[in-house]
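A closer look at the structure
Letter by letter, the chains look like this.
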Amino acid sequence: MATTIHCKSTMLRTAFAAIALAAAGSAGAIQSKYNLAPPVTAIARDIHWLHWMMLIICGVIFVAVFGVMFYSIWAHRKSKGAQPADFHESTKVEVVWTVIPFLIVIGMALPATKTVVAMKDTTNADLTIKVTGYQWKWGYDYLKGEGEGISFMSRLATPREQIEGRQAKGEHYLLEVDNELVVPVGKKVRVLTTAADVVHSWWIPAFGTKQDAIPGFIRDTWFRADKTGVYRGQCVELCGKEHGFMPIVVRVVSQEDYTKWVGEKKKQLAALADDPNRPWTLAELKARGEKVYAANCVACHQANGKGAPPAFPALDGSPLVLGPKEKQIDIVLNGVVKDGKPTAMAAFGKQLNDVEIAAVITFTRNNWGNQTGDAVQPAEVKALRK
Amino acid sequence: MSAVADHVHGHGHAHDHHGGYRGVMRWITTTNHKDIGTLYLWFSFVMFMVGGVMALVIRAELFSPGLQVVDPDFFNQMTTMHGLIMVFGAIMPAFVGFANWQIPMMIGAPDMAFARLNNWSFWLLPFAALLLILSFFVPGGAPGVGWTLYAPLTVQMGIGMDLTIFAIHILGMSSILGSINIITTILNMRAPGMTLMKMPLFCWTWLITAYLLVAAMPVLAGAVTMTLTDRHFGTTFFNAAGGGDPVLYQHIFWFFGHPEVYIIALPAFGVISQVIPAFSRKPLFGYASMVYATAAIAILSFIVWAHHMYTVGMPVTGQLFFMYATTLIAVPTGVKVFNWVATMWRGSLTFETPMLFAIGFLFLFTMGGFTGLVLSLVPIDIQLHDTYYVVAHFHYVMVAGALFAAFAGVYFWLPKWTGRMYDETLGKWHFWLSMIFFNITFFVQHFLGLAGMPRRIPDYPLMFETWNKISSIGAFGFGLSQLLFLYIVLKAIRSGEKAPEKPWEGADSLEWTHLPTPAPYHSFETAPVLK
Ligand SMILES: [Cu+2]
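This section reports on the structure supplied with the text. (Residues numbered from 1 in each chain as written. Chains lettered and ligands numbered in written order. Predicted model: local features only at pLDDT ≥ 70, side-chain atom pairs only at ≥ 80, totals over all residues. Heavy atoms only, no water.)

1. Points about the overall build of chain B
Within chain B one finds 15 helices and zero strands. In summary, chain B has a C-alpha radius of gyration of 23 Å against a globular reference of 24 Å for 531 residues, a match within 12%. Projected onto its principal axes, the C-alpha coordinates of chain B cover approximately 65 × 50 × 45 Å. Expressed as a percentage of its 531 residues, the buried residues of chain B come to 69%. The long-range fraction of contacts in chain B, counting pairs at least 24 apart against all pairs at least 6 apart in sequence, stands at 82%. (Helix = DSSP H or I, 4+ residues; strand = E, 2+ residues; numbered from the N terminus. Rg over C-alpha atoms; globule rule 2.2 N^0.38 Å. Buried < 20%, exposed > 50% of the residue type's maximum accessible area, 1.4 Å probe, protein only. Contact = heavy atoms within 4.5 Å.)

Structure representation (structure tokens):
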């Protein structure tokens, strides 16, 4: 029994795949403008053929039903002298067109069932990565498997100038990030999703993998990419102002390249671990702070520091930025909480280290019209962490 | 309701039995089902224009990649308010307007059961609309969270969110009061001999819709109230840090949200079920199975809500249950489509504007039904969830479905309501322009979704540019075509040809057979005699 079903479904698959290929032929194997992204996982391939199956079955029924209707429009028009018949029910016919669609829809759902079960099976993963959605970037933590301990943030790399039309748009406009997620080819990757603020959703179309990232909860999904390459997607759950600007890029590499990447990344992360205990110069802090600002603050507070009041206050000339350091450090560390609720000013304490926070505060206090001359030391930030 | 109307009124409004009020006060104090129906219909048209302008702002921004017209914050406010206004301000009140005008006339009653309540149900609406619009002018602006108002993003919003929540409370109250009125009218005020199974199908679909409203609207009110207390009173229904769950909000919202789809669709089915037989000159095929199918759809609509949430990470059994339950809805919906086609089969068809819109409805709504079936399968939905494919799908259901049905209804009943004919040539123009521009706007959005464009984004990768341009052009064409509709209606009211007593040869419900044209101010002072 099981084998016959399997045989049938294989035959069906072949038939649908042939039609799919024929239809996709003209579009080529690159990103289609008409159809689903070319699949690179077994799940995505299943989705692809399920979609073709549905399209063809629905198309056939549609043509049949509306063939009848248009025939009627053509043949039974009053202007051609059609006299109305007087039938208005037929139990037999009505039972038939209730039972047959019932069987058809069950027949559609059955092949999908296997895929649903497969999509949910996150056991025996080679690599486990936690994905955290932030407003508006992604955090990746390699939790288990080769590369364990690697952890970084991934933000939109498209410059603001391109978005605002002051510069020509690049090939991967809005689909490029500063730090790509790197995974080995052919390995089962379990993705744990969660979020720090609101619901986000992590999606790579070519993998057929989409999972909401829910604050306070962990959900999981998985993929096993069987072709090396760079695969791009976007956040697909409305998460506020910059929802359209938090892409996801996954680079699938060979096992050797992956091992190499893990080695390099670990070295790089070690070097990056800033030393908060040594004193930093004003110039060092300002240079570093400018980068931190561009990556974390510019979307709301703007490059000119004027913000977009009232939701996103100006920093240029802000009494808070020009006031005592401790207050500003506290706000960057812990965010702004109004009436017991977090606001758009998130707590950066967990996302940025002491050096980054000290640097960005120094930058805001010594940029635009603000010329306090203060250098906020990483040690001061460290001291104020709760 | 003092004086008795014993003569047939013209369409002019110089009556002397509106409690003595004239001008604006007449409309504010009216308890007449026809006046109130008219108010609902005009209100919904105004909201349709407001929501339409918002849609055009969205499409203008999406004409090209990059940020040109609005900033992302305002863009989010536009998508949110466009959705809320179209669903709650335009489509729902339009069909309540039809219910007010038609139900008493169709069942042989003098008016709605609760005439004063009826007045109040309507006059709640402008205040709700005002609150929604007002939210644009408070600090922080209108909420930019999508019409689904998902937590916890709602907690980050400004006071505009609270105004929206109160607006939804008021809209819900209005809907519930209206529904109670409709249920009471249909169950108690039918003319002798008008058994339930003899009622025009439009009354049946509204009876069932009214029950859906009474069951679903309080759930929405609960969801937004919990949002309100999470925002201001320290509760944590949707906040994990206090033991709550953001996904709980989605469950509650969609428990309302899925029946809401049928709250919009069923009255549309009702209108279509009146129009198609009239222009086929043949009774509706399978009347009884239409009634059963409507009831089946209504019941099923309460057990499929989580098919809007396949990506939140439900257990596999949950996903399978909701997938199979959802595919089942295709069965009664299919029965309806087959019955409509069978009604046309071997009829004597003519194609005046109402029939054109009904056929347009049938054709495009069925497409929306099929894409719904595609989306019912969990694996495909996970791929397409929150993409433009879904946007295309529900606009086929809401615009080509509900809106086209409303147009069919207006053209169909306008002669009965006003005693004037609309301009048939212009009506046909309106249909064809709407049909063509609708498809230019929304058909290509299927491609966008399949190719991976998320919904609710103000800017997009370059590969989506072509379809977005086409869609935006279509949207402006569609929007402008609706000004033609306004012109046609105004022209009919002001200077339309006088309508014959029975403008549609095949129409056979009571308002056509037992009432003069235009219909008198009070429908049936004495109950009609039915065989
Ligand atoms: Cu996001």
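2. Remarks on the coordination of the copper ion
Residues and elements named next belong to chain A. Every protein donor of the copper ion is accounted for by His200 (ND1), Cys235 (SG), Cys239 (SG) and Met246 (SD), and the metal-donor separations fall at 2.1 to 2.5 Å. Coordination at the copper ion is tetrahedral, judged from the four donor atoms that bind it and the angles of 94 to 127° they form at the metal. For the copper ion, the single-chain donor residues occur in sequence as H-x34-C-x3-C-x6-M. Highlighted residues: Cys235 in the loop between β9 (229-234) and β10 (247-253) and Met246 in the loop between β9 and β10, separated in sequence by eleven residues. Residue classification places Cys235 among the buried residues on the basis of a relative accessible area of 1%. On the basis of relative accessible area, Met246 is assigned to the buried category, the value being 2%. (Donors = N, O, S within 2.8 Å, 3.2 Å for Na, K, Ca; no water. Tetrahedral: all angles 85-135°; square planar, octahedral: opposite > 155°, others 65-115°.)

3. A short note on helix α9 (residues 316-344) of chain B
All names here are of chain B. When the terminal C-alpha atoms of α9 are compared, their 43 Å separation across 29 residues agrees well with the 42 Å that a helix rising 1.5 Å per residue should span. For α9, the buried fraction is high: 23 of the 29 residues fall into the buried class. Remark: Arg346 follows α9 within two positions and exhibits a positive phi of approximately 55°. (Expected span 1.5 Å × (residues − 1).)

4. Some points on the packing of aromatic side chains
All names here are of chain B. Going through the model one piece at a time under the given rule, you end up with 71 aromatic pairs over all chains. Measuring from centroid to centroid gives 5.2 Å for Phe269 and Phe365, while their planes differ by 85°, and the two rings are edge-to-face. Of this pair, Phe269 sits in helix α7 (residues 246-280) while Phe365 sits in helix α10 (residues 353-376), and the two are 96 residues apart along the sequence. For the residue pair Phe269 and Phe365, the accessibility class agrees, reading buried in each case. (Phe/Tyr/Trp six-rings, centres within 6.5 Å; stacked < 30°, edge-to-face > 60°.)

5. Structural notes on the pattern of salt bridges
Residues and elements named next belong to chain A. Scanning the entire structure with this criterion turns up 21 salt bridges over all chains. The closest approach of N and O atoms between Arg160 and Glu164, which form a salt bridge, is 3.9 Å. Among the ionic contacts, a cluster of salt bridges with common partners joins Arg160, Glu164, Arg166, Lys241 and Glu242. (Salt bridge = Lys/Arg side-chain N within 4 Å of Asp/Glu carboxyl O.)

6. Regarding the state of the cysteines
Residues and elements named next belong to chain A. Using the criterion set out here, one finds zero disulfides over all chains in the structure. No disulfide involves Cys297; its sulfur sits 8.8 Å from the nearest other cysteine sulfur, which is in Cys300. For Cys297, a relative accessible area of 15% translates into the label buried. (Disulfide = S-S within 2.5 Å.)

7. Examining α10 of chain B
The end-to-end C-alpha separation of α10 of chain B is 34 Å, in line with the 34 Å expected for 24 residues at 1.5 Å each. Of all the 24 residues making up α10 of chain B, 22 are buried; the element is thus mostly covered by neighbouring parts of the structure.

8. Things to note about the sheet that holds strand β4 (residues 181-184) of chain A
Residues and elements named next belong to chain A. An order of β4-β10-β9 is seen for the three strands of this open sheet, with the pairing classed as mixed. Edge strands, defined here as strands with exactly one partner in the open sheet, are β4 and β9. Direction aside, the axes of adjacent strands within the sheet are offset by 25° on average. (Pairing = 2+ DSSP bridges. Axes fitted to C-alpha atoms, helices over the stretch in contact; angles between N-to-C directions.)

9. As for the packing of α7 of chain B against α9 of chain B
Residues and elements named next belong to chain B. Relative to each other, α7 and α9 sit at 15°, their axes nearing to 9 Å. One element, α7, and the other, α9, form an angle in the roughly parallel class. Crossing handedness for the pair α7 and α9: left-handed. Of the residues in α9, those touching α7 at His258, Tyr262, Phe269, Ile272, Ser273, Ile276, Pro277 and Ser280 are Ile329, Lys336, Trp340, Thr343 and Met344. Here the contact of α7 with α9 is composed, by residue class, of eight nonpolar, four polar and one charged. (Parallel < 35°, antiparallel > 145°, perpendicular 65-115°, else oblique. Left-handed = near helix turned anticlockwise from the far one by under 90°. Nonpolar A, V, L, I, M, F, W, Y, C, P; charged D, E, K, R; others polar.)

10. Some remarks on the sheet that holds strand β5 (residues 189-195) of chain A
All names here are of chain A. The strand order across the open sheet built from five strands is β3-β2-β1-β5-β8, with neighbouring strands paired in mixed fashion. This sheet does not close on itself; its edge strands, each paired only once, are β3 (151-154) and β8 (219-223). Along the sheet, successive strands turn relative to each other by an average axial angle of 25°, direction set aside. Inspection of the sheet shows strand β2 (residues 137-144) paired to β3 by four bridges, in the antiparallel sense. Paired with Gly139 across the bridge in β3 is Met153.

11. Considerations on the pairing of strand β1 (residues 127-134) of chain A
Regular strands show a simple pattern: their side chains alternate between the two faces of the sheet. Residues and elements named next belong to chain A. Counting buried positions along β1 gives seven out of eight residues, so the element sits mostly inside the fold. Pairing of β1 with β5 involves seven bridges; the strand directions are parallel. Looking across to β5, one finds that Lys130 is bridged to Leu192. Of the strand pairs in this sheet, β1 and β2 are connected by seven bridges, and their pairing is antiparallel. Paired with Lys130 across the bridge in β2 is Asp141. In this antiparallel pair of consecutive strands, β1 and β2, the connection spans two residues.

12. Concerning the interface of chain B and chain A
In this assembly, 101 residues from chain B lie in contact with 89 residues from chain A. Between chain B and chain A, a total of about 8,300 Å² is buried, with carbon and sulfur atoms accounting for 70% of that surface. For the pair chain B and chain A, the number of links is one salt bridge. Notably, a salt bridge pairs Glu505 of chain B with Lys78 of chain A, separated by 2.9 Å at the nearest N-O pair. At the junction of chain B and chain A, the tally comes to 26 residue pairs in polar contact (both at pLDDT 80 or more). By residue number, the principal contributor to the side of chain B that touches chain A is α9 of chain B, which donates 16 residues. Partitioning the side of chain B that touches chain A into residue classes produces 61 nonpolar, 28 polar and twelve charged. (Buried area = accessible area lost by both parts, 1.4 Å probe. Polar contact = N/O pair within 3.5 Å; in protein donor to acceptor, adjacent residues only side chain to side chain.)

13. Topic: the side chain of Arg219 of chain A
Checked against the element boundaries, Arg219 of chain A lands in strand β8. The side chain of Arg219 of chain A sits in the buried core without any salt bridge; Asp245 of chain B is the nearest counter-charge, 5.1 Å away. Within the structure, the side chain of Arg219 of chain A is placed 2.8 Å from the backbone oxygen of Val312 of chain B, a separation counted as a polar contact. Filtering out sequence-adjacent residues up to four positions away, Arg219 of chain A remains in contact with Val191, Leu192, Thr193, Gln211, Asp212 and Ile214 of chain A together with Val247, Val312 and Gly313 of chain B. (Lys, Arg positive; Asp, Glu negative; His and termini not counted.)

By themselves, these are just geometric observations and shouldn't be taken as functional.
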